[in-house]
Amino acid sequence: MDIRQITPSYFVSPQISPEDAQTIKDAGFVRVICNRPDAEIPPSHQADAMGEAMRAAGLEFEVLPLTHQTMTPENVARQMELASAEGPVLAYCASGTRCTVIWALSQATEKSADEILSTAANAGYDLAGLRPTLDAIAAQ
């Protein structure tokens, strides 16, 4: 696993495996958010299989599949609702980038684009191409 911290309570990761569930629980996470559409992955790693493994380990499991087309304001708000838990939350997708992008979009009215992009970069995600979108959201 390659878990990267975005905020004190929001972490992102590339694709995880059902076998990672107990390790994730032991690391202190309370909820896992799947941002990866099932069409991208084999049945062994699709949301149903992942949810079963995560719940068996005592974790909450939520599904919000994301693509470029589904990064809507409604899904941004939903992701942040799901990211609010009584403990650390781990969101995953193919590389962790979508999970970081949706976080960045949620912060555009709260933080400067520089701060958002720096936070993402510190976690290993180059979101510089998102700057015009962040600036546009902030200007609304």
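Thresholds applied
Residues numbered from 1 in each chain as written. Predicted model: local features only at pLDDT ≥ 70, side-chain atom pairs only at ≥ 80, totals over all residues. Heavy atoms only, no water. Helix = DSSP H or I, 4+ residues; strand = E, 2+ residues; numbered from the N terminus. Buried < 20%, exposed > 50% of the residue type's maximum accessible area, 1.4 Å probe, protein only. Contact = heavy atoms within 4.5 Å. Core = buried A, V, L, I, M, F, W, Y, C linked by side-chain atoms within 4.5 Å. Pairing = 2+ DSSP bridges. Axes fitted to C-alpha atoms, helices over the stretch in contact; angles between N-to-C directions. Parallel < 35°, antiparallel > 145°, perpendicular 65-115°, else oblique. Nonpolar A, V, L, I, M, F, W, Y, C, P; charged D, E, K, R; others polar. Arc of directions from axis to C-beta. Salt bridge = Lys/Arg side-chain N within 4 Å of Asp/Glu carboxyl O.

### Examining the overall build of the chain
Per the secondary structure count, the chain includes 6 helices and 5 strands. Its helices and strands taken in sequence order, the chain reads β-β-α-β-α-β-α-β-α-α-α from the N to the C terminus. Dimensions of the chain, computed from C-alpha atoms along their principal axes, come out at roughly 45 × 30 × 25 Å. Of all 140 residues assigned to the chain, the portion counted as buried reaches 47%. When contacts within the chain are restricted to residue pairs at least 6 apart in sequence, those whose partners lie at least 24 apart make up 72%.

### Observations regarding the nonpolar core
Within the largest apolar cluster, 30 residues are counted, with the highest numbers of intra-cluster contacts made by Y10, W103, A104, L105, L127, L130 and L134. Mapped by element, the contributors of at least two residues to this core are β2 (10-13), α3 (73-82), β5 (89-92), α4 (97-107) and α5 (113-122). Setting aside anything within four residues of it in sequence, one finds L105 in contact with M71, V76, L130, T133, L134 and I137. Ranked by size, the runner-up nonpolar core spans 16 residues in total, among them I16, M50, F61 and L90.

### A short note on the sheet that holds strand β3 (residues 31-34)
Backbone-to-backbone hydrogen bonds join strands into a sheet, with any given pair of strands oriented parallel or antiparallel. One open sheet holds the 5 strands; their spatial order is β1-β2-β5-β3-β4, and the pairing between them is mixed. The sheet is open, and its two borders are formed by β1 (4-5) and β4 (60-63), each paired with just one other strand. Where β3 meets β5, 4 bridges bridge the pair, whose relative direction is parallel. Paired with V32 across the strands is L90, a residue of β5. Of the strands in this sheet, β2 and β5 are in contact with α4, which crosses β2 at around 150°.

### Observations concerning the packing of α3 against α4
Interhelical geometry of α3 versus α4 gives an angle of 100° and a closest axis separation of 9 Å. As summarised for this structure, α3 and α4 are arranged roughly perpendicular, according to the angle between their axes. Every residue of α4 that contacts α3 at N75, V76, Q79 and M80 is listed here: I102, W103, L105 and S106. Split into classes, the residues belonging to the contact of α3 with α4 amount to 5 nonpolar, 3 polar and no charged.

### Describing helix α2 (residues 47-56)
Every buried residue belonging to α2 is among A47, M50, G51, A53 and M54, and all of these are buried. The arc that holds the buried residues of α2, viewed along the axis, is 165°, so those residues lie on one side. Facing away from the buried side of α2 by over 90 degrees, the exposed positions are D48, E52 and A56. A positive backbone phi angle near 90° is found at G58, which sits one or two residues after α2.

### Topic: the pattern of salt bridges
According to the stated counting rule, one finds 6 salt bridges in the structure shown. A salt bridge links E40 to R36, with the shortest nitrogen-to-oxygen separation between them at 2.8 Å. On the accessibility criterion, R36 (13% relative accessible area) is buried. Notably, a salt bridge pairs E40 with R98, separated by 2.7 Å at the nearest N-O pair. Taken as a pair, E40 in the loop between β3 and α2 and R98 in helix α4 lie far apart in primary sequence, 58 residues in all.

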